[in-house]
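Now for the letters of each chain:
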Amino acid sequence: MLREGGEAIGLTTVYRALQAMAEAGQVDVLRTDDGEAVYRRCSTGHHHHLVCRSCGRTVEVEGPAVERWADRVARDHGFVEVSHTLEVFGTCADCAGGLPN
Ligand SMILES: [Zn+2]
Ligand SMILES: [Zn+2]
Ligand SMILES: [Zn+2]
């Protein structure tokens, strides 16, 4: 998007812009197992993610069973106004392509 604005930009600029967008709530920041920051633009509404450890590709998924479970355990313990985040990490089909099953 920044490049389309006609600017020649370096990675530092990109990260600075992403950080500003993250602070404004326009993108989500996610930290990988390696401690690397991954930024993504999320659709609105509650959902979860499958994240590829290798290329960072993210798939948005819904988890009705997770929602029911979270509601139930919260209620069982008398918690109200609960929220949760859930990220499932793995290797995507493309990255796993060369790997034996
Ligand atoms: Zn998302
Ligand atoms: Zn991948
Ligand atoms: Zn959920």
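Residues numbered from 1 in each chain as written. Chains lettered and ligands numbered in written order. Predicted model: local features only at pLDDT ≥ 70, side-chain atom pairs only at ≥ 80, totals over all residues. Heavy atoms only, no water.

Let us look at a nonpolar patch on the surface. A cluster of nonpolar side chains, Leu50, Val59, Leu86 and Val88, forms an exposed patch at the surface whose accessible area comes to about 270 Å². Following the sequence through the fold, Val88 ends up in strand E5 (residues 87-90). Given the relative accessible area of 38%, Val88 is considered partly exposed. (Patch = residues over 30% accessible without salt bridge, like charges linked within 9 Å, V, L, I, M, F, W, Y side chains within 5 Å. Areas by Shrake-Rupley, 256 points an atom, 1.4 Å probe, with all protein chains shown as cover. Salt bridge = Lys/Arg side-chain N within 4 Å of Asp/Glu carboxyl O. Helix = DSSP H or I, 4+ residues; strand = E, 2+ residues; numbered from the N terminus. Buried < 20%, exposed > 50% of the residue type's maximum accessible area, 1.4 Å probe, protein only.)

This part is about the coordination of the zinc ion (ligand 3). Here the zinc ion (ligand 3) is held by the protein donor atoms His46 (NE2), His48 (NE2), Glu67 (OE), Glu67 (OE) and His84 (NE2), which lie 1.9 to 2.6 Å from it. Sequence positions of the donors to the zinc ion (ligand 3) reduce to the motif H-x1-H-x18-E-x16-H. Here His46 is found in the loop between strand E2 (37-40) and strand E3 (48-52), whereas its partner Glu67 is found in helix H2 (residues 64-76), with 21 residues between them in sequence. A relative accessible area of 46% means that His46 is categorised as partly exposed. Here Glu67 falls in the partly exposed class, since its relative accessible area comes to 23%. (Donors = N, O, S within 2.8 Å, 3.2 Å for Na, K, Ca; no water.)

Okay, unusual backbone geometry next. In the Ramachandran plot, Glu81 falls in the positive-phi region, its phi being about 50° despite a non-glycine side chain. Here Glu81 shows up in the loop between H2 and E5.

With that out of the way, let us pick up the sheet that holds E5. Ordered in space as E4-E3-E5, the three strands form an open sheet in which the pairing is mixed. Bordering the open sheet on either side are strand E4 (58-61) and E5, each of which pairs with just one other strand. This sheet shows a mean twist of 20° between the axes of neighbouring strands, independent of strand direction. Relative to E4, E3 runs antiparallel, the two being bridged by four bridges. Residue pairing for E4: His49 is matched across the bridge by Glu60. (Pairing = 2+ DSSP bridges. Axes fitted to C-alpha atoms, helices over the stretch in contact; angles between N-to-C directions.)

Time to look at the side chain of His48. Of note, His48 is situated in strand E3. Of the residues examined, His48 reaches a relative accessible area of 4% and is grouped as buried. Looking at His48, its side chain comes within polar contact range of the side chain of His46, at 3.4 Å. Separated by 3.3 Å, the side chain of His48 and the backbone oxygen of Leu86 make a polar contact. The contacts of His48, once residues within four sequence positions are left out, are Val59, Glu60, Val61, Gly63, Val66, Glu67, His84, Thr85 and Leu86. (Polar contact = N/O pair within 3.5 Å; in protein donor to acceptor, adjacent residues only side chain to side chain. Contact = heavy atoms within 4.5 Å.)

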